[in-house]
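Chain by chain, the residues:
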Amino acid sequence: MTNMDNESSLELNLVSDTYVGAPGKATKQGRGWREKKKRRNQKRTYTGAHAHTSPSKWRKVEADSDDEAPPDLLQSNQDVKSSVKDSKTVQTQRTSLPSPKSKKKEVQLSPSKRKEAKLSPSKPDSITEHGGKFPQGKGVISSLFRYNPEIPVVAQETVQENKEEVFSAEKFGDLNLHPFMIKNLEENLMVTKTTSVQKEAIPVLLQGKDALVKSQTGSGKTLAYSIPVVHCLQAKKQKIQRSDGPYAIVLVPTRELAIQTHDVIQKLVKPFCWIVPGCIIGGERRKAEKARLRKGINIIVATPGRLVDHTQNTQSLQLGRVEWLILDEADRLLDMGFEKDIRAILSGLNDRRGSTDRQNVLLSATLSEGVERLAGMSLNNPVKITVTKDLPSEKQQTNSEEDKSAEERFVTPAELKQHFILVPSKLRLVTLAAFILWKCKFGSHEKMLVFLSTQDSVDFHHHLLKNVLNDEDDEAEFGGHDITFSRLHGNMTQQERTEVFQQFREARSGVLLCTDVAARGLHLPKVSWILQYNTPGSATDYIHRAGRTARIGRQGQALLFLLPSEVEFVKVLATNNISMEEMAMDEVLKTLFINSKDSDKKKTPR
Ligand SMILES: Nc1ncnc2c1ncn2[C@@H]1O[C@H](COP(=O)(O)OP(=O)(O)OP(=O)(O)O)[C@@H](O)[C@H]1O
């Protein structure tokens, strides 16, 4: 199911990814459907719509699909393409009437058929609003727009949101750090003012205490622990040697986060070039990692599984000097089943040095029950650090039970605008396509992350959207520019993953389709939209996904796709203090009726 190299596999993926339950239905309906489809294709040929715009590759998909896929699926696949095209055709009518050629297209959407389409039960004329005149006549309406379930009206509740101030008034210069550290922060990392969590955490860690740190996504937690680590290591009376091996271990749940964290630490040690950081992650060649460990790494940034592997099989890795253990994205480390590996690392460290002779830090934007357990296992009398706005400051560093509620609160960045959209399953794909066209092709060229539930789904949507939305013929006719689509999931080679991650990090625009492998910790600058095409498993997952935008005080927006049957999830989020506005599906679909060459942006919903 992961092989997406040819078009027939595209069909195959459609079958299993989109409508898992369909095959049975297909067998029953099989022949009747083929007949119907034949008639439908004939109709389309008469209208001339596809003859005008369908590229040959799409026709091939249609042809393949006749033999392979169940009816609903084929229709869905075909309809995405045809609805995008039909809608563009509508635009052509507006701009080129009354040429004979366009007259042929005019029969695409007759008013009577449009009524049937029920694109919006409340606004039956919404197509006309954007499509211009539609002369009377025969027409074919994509069945996508017919017989969809009513979209429930969602009563908007008032939600008491928790907010954290991102920045504090304090500067790094006020924190008693080495002058070279401050200069480096200002000149190379371009940071002067501390964030609230940095202001709280850095002094605590410089005092040698353990800490449990919770603060919102994109609030600078990486520097909050890595500055004290580097500061303490550079301050050692006896200058540390590379050959000493690790003094600090940072454990993170994903390889991309390890690479990103390693990059930050590498910048931090620039003035202290005798301190050597290194990245140990799965997917890299073990031999090369062994060689680097043999040479010596003072700050190891690692994923737990691979580090355990080296502790057992790489003799040169000695843990006797480890003074720091950092568990970043602690709850995710547990979710991903790393508890056993973390226990193994902890017991390895305790055997060599005892548990009190080491500073331990646990960090996350959300803390779960499991994290409490992990904290009990790894932290000694920790200071709990939260920076939620409405807490009195004296309560922000405490070990008391009262503070528990503060730790458990969900906080989203103040600059994050959150939306949900209710879309029936038949219209999900076309709505996604319309949204991407709107934001990335015809509107401003935004940078967007789309979260999907499985690796196969990422592959499928990547293949489909890349081909359908970047059609050269369409671009010549309707304008717009190529959208760069990339994909990221755990079943890609490490080399591919790293390349995609680095490229997307640098990119100014584009769409990254990904699984939750990109949900935690990653800082991808300039991302302005986060789409969640499938409901996240929990409010926690929602927060981390949405937190890939609106970072460090910047603006960002998140959109959650929900089926009408999933509308209760809005309430679940509301009970977790997450407030969202509804975005109307019609508003997104209208994008398909706007021709970029008109640059009629006023009509594009904002
Ligand atoms: N004091 C600061 N001033 C300006 N930018 C900062 C500051 N501290 C960190 N940053 C930048 O903010 C971005 C986000 O930081 P970071 O990735 O550490 O956030 P985080 O809190 O770990 O987020 P998440 O919970 O999603 O992992 C980084 O690009 C970092 O360089």
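No experiment lies behind these values; they were computed from the predicted model shown.

Student: Describe the environment of Met377, and please don't skip the residues or the numbers.
Tutor: Take Met377: it is sitting in helix α17 (residues 369–378). A sequence separation of 173 residues divides Met377 from Val204, and the C-alpha atoms of the two residues are 20 Å apart. With near-sequence residues (within four places) excluded, Met377 lies in contact with Glu339, Arg343 and Leu346.

Student: Lay out the UniProt feature "domain: DEAD-box RNA helicase Q" (unreviewed entry) in the protein chain with the relevant residues and their values.
Tutor: Summarizing the sequence annotation, UniProt attributes the feature "domain: DEAD-box RNA helicase Q" (unreviewed entry) to residues 170–199 in the numbering used throughout. Between the C-alpha atoms that bound residues 170–199 there is a distance of 7 Å. The span itself is 43% helix and 17% strand.

Student: Go over the packing of aromatic side chains, please, and point to the residues and values.
Tutor: Ring pairs (aromatic) are described by centroid distance and by the angle formed between their planes. For the structure on display, the rule yields four aromatic pairs. Ring centres of Phe272 and Trp274 lie 5.9 Å apart, and the angle between their planes is 75 degrees; this geometry places the pair in the edge-to-face category. What makes Trp274 partly exposed here is its relative accessible area of 24%. Here the aromatic cluster, defined as three or more aromatic residues joined through ring pairs, consists of Phe435, Trp438 and Trp529. Here the basic side chain of Lys239 rests over the ring of Trp274, its NZ or CZ set 4.2 Å away from the ring centre. Residue placement shows Lys439 over the ring face of Trp438; its charged tip is 4.0 Å from the ring centre.

Student: Which residues make up the pattern of salt bridges, and what are the values?
Tutor: Per the stated rule, a full pass over the model turns up 17 salt bridges. A salt bridge links Asp541 to Arg520; the shortest N-O distance between them is 3.9 Å. With Asp541 in helix α23 (residues 539–546) and Arg520 in the loop between β14 (510–514) and β15 (529–532), this pair connects stretches of sequence that are 21 residues apart. We note that Asp541, like Arg520, is buried. In this structure, a network of salt bridges that share partners links the residues Glu329, Asp331, Asp335, Arg520 and Asp541.

Student: Could you give me a rundown of the nonpolar core, with the residues and numbers involved?
Tutor: General note: in soluble globular proteins, nonpolar side chains tend to be found buried as a group. Membership of the largest hydrophobic core comes to 79 residues, with the highest contact counts inside it found for Ile227, Ile299, Leu449 and Tyr542. With seven residues, helix α11 (residues 221–234) is the single largest residue contributor to this core. Membership of the second largest hydrophobic core comes to 40 residues, among which are Leu432, Leu437, Phe485 and Leu589.

Student: Mind laying out the sheet that holds strand β12 (residues 447–451), listing which residues take part and the relevant values?
Tutor: The seven strands are arranged β13-β14-β12-β15-β16-β11-β17 in an open sheet whose pairing can be described as parallel. Since the sheet does not close on itself, it has two edges, and those belong to β13 (485–488) and β17 (581–582), each with one partner. One ladder, built from seven bridges, connects strand β11 (residues 416–422) with strand β16 (residues 556–562); its direction is parallel. Within the sheet, the bridge partner assigned to Lys417 lies in β16 and is Gln557.

Student: Explain unusual backbone geometry to me, and be specific about the residues and the numbers.
Tutor: Despite not being glycine, Asn381 shows a phi value in the positive range, around 45 degrees. Locating Asn381 in the fold gives a position in the loop between α17 and β9 (383–386). A positive phi angle, near 45 degrees, is found at Ile552, a position not held by glycine. Looking at where Ile552 falls in the secondary structure, it is placed in the loop between α23 and β16.

Student: Which residues make up the site of the ligand, and what values do they have?
Tutor: Near the ligand, the surroundings consist of 21 residues, among which Lys193, Gln198, Lys221, Thr222 and Arg551 are the closest. The backbone of Gly220 places a nitrogen or oxygen atom 3.1 Å from an oxygen atom of the ligand. Interatomic distance of 2.8 Å between a side-chain N/O atom of Arg548 and an oxygen atom of the ligand. If the ligand stood free it would expose 650 Å²; the protein chains cover 87% of that surface. Split into classes, the residues belonging to the shell around the ligand amount to five nonpolar, eleven polar and five charged.

Student: Could you give an account of the environment of Leu363, naming the residues involved and the relevant values?
Tutor: Topologically, Leu363 is positioned in strand β8 (residues 359–364). C-alpha of Leu363 to C-alpha of Ile202: the two residues are 161 residues apart in sequence and 13 Å apart in space. Aside from chain neighbours lying at most four places away, what touches Leu363 is Val213, Lys221, Tyr225, Ile326, Leu327, Asp328, Glu329 and Ala330.

Student: How would you summarise helix α12 (residues 255–268) if you had to cite specific residues and measurements?
Tutor: Relative to the 20 Å expected for 14 residues at 1.5 Å per residue, α12 spans 20 Å between its end C-alpha atoms, a close match to the ideal helical length. Of the residues making up α12, those classed as buried are Glu256, Leu257, Ala258, Ile259, Gln260, Thr261, His262, Ile265 and Leu268.

Student: Go over the pairing of β11, please, and point to the residues and values.
Tutor: Counting buried positions over the seven residues of β11 gives six, a clear majority of the element. Of the strand pairs in this sheet, β11 and β17 are connected by two bridges, and their pairing is parallel. Looking at β17, one finds that His419 is bridged to Glu581.

Student: Could you give me a rundown of the packing of α12 against helix α22 (residues 494–506), with the residues and numbers involved?
Tutor: In contact at an axis separation of 10 Å, α12 and α22 are set at 55 degrees when each is read in the N-to-C sense. When the axes of α12 and α22 are compared, the pair comes out oblique. Our pair here, α12 against α22, has a crossing hand that is right-handed. Here Arg255, Glu256, Ile259, Gln260 and Asp263 of α12 lie close against α22, whose contacting residues are Gln494, Arg497, Thr498, Phe501, Gln502 and Arg505. Grouping the amino acids of the contact of α12 with α22 by side-chain chemistry returns two nonpolar, four polar and five charged.

Criteria and thresholds
Residues numbered from 1 in each chain as written. Predicted model: local features only at pLDDT ≥ 70, side-chain atom pairs only at ≥ 80, totals over all residues. Heavy atoms only, no water. Helix = DSSP H or I, 4+ residues; strand = E, 2+ residues; numbered from the N terminus. Contact = heavy atoms within 4.5 Å. UniProt positions renumbered as here; feature names shortened; annotations may be inferred. Phe/Tyr/Trp six-rings, centres within 6.5 Å; stacked < 30°, edge-to-face > 60°. Buried < 20%, exposed > 50% of the residue type's maximum accessible area, 1.4 Å probe, protein only. Lys NZ or Arg CZ within 6 Å of the ring centre and 35° of its normal. Salt bridge = Lys/Arg side-chain N within 4 Å of Asp/Glu carboxyl O. Core = buried A, V, L, I, M, F, W, Y, C linked by side-chain atoms within 4.5 Å. Pairing = 2+ DSSP bridges. Near = heavy atom within 4 Å. Polar contact = N/O pair within 3.5 Å; in protein donor to acceptor, adjacent residues only side chain to side chain. Areas by Shrake-Rupley, 256 points an atom, 1.4 Å probe, with all protein chains shown as cover. Nonpolar A, V, L, I, M, F, W, Y, C, P; charged D, E, K, R; others polar. Expected span 1.5 Å × (residues − 1). Axes fitted to C-alpha atoms, helices over the stretch in contact; angles between N-to-C directions. Parallel < 35°, antiparallel > 145°, perpendicular 65-115°, else oblique. Left-handed = near helix turned anticlockwise from the far one by under 90°.

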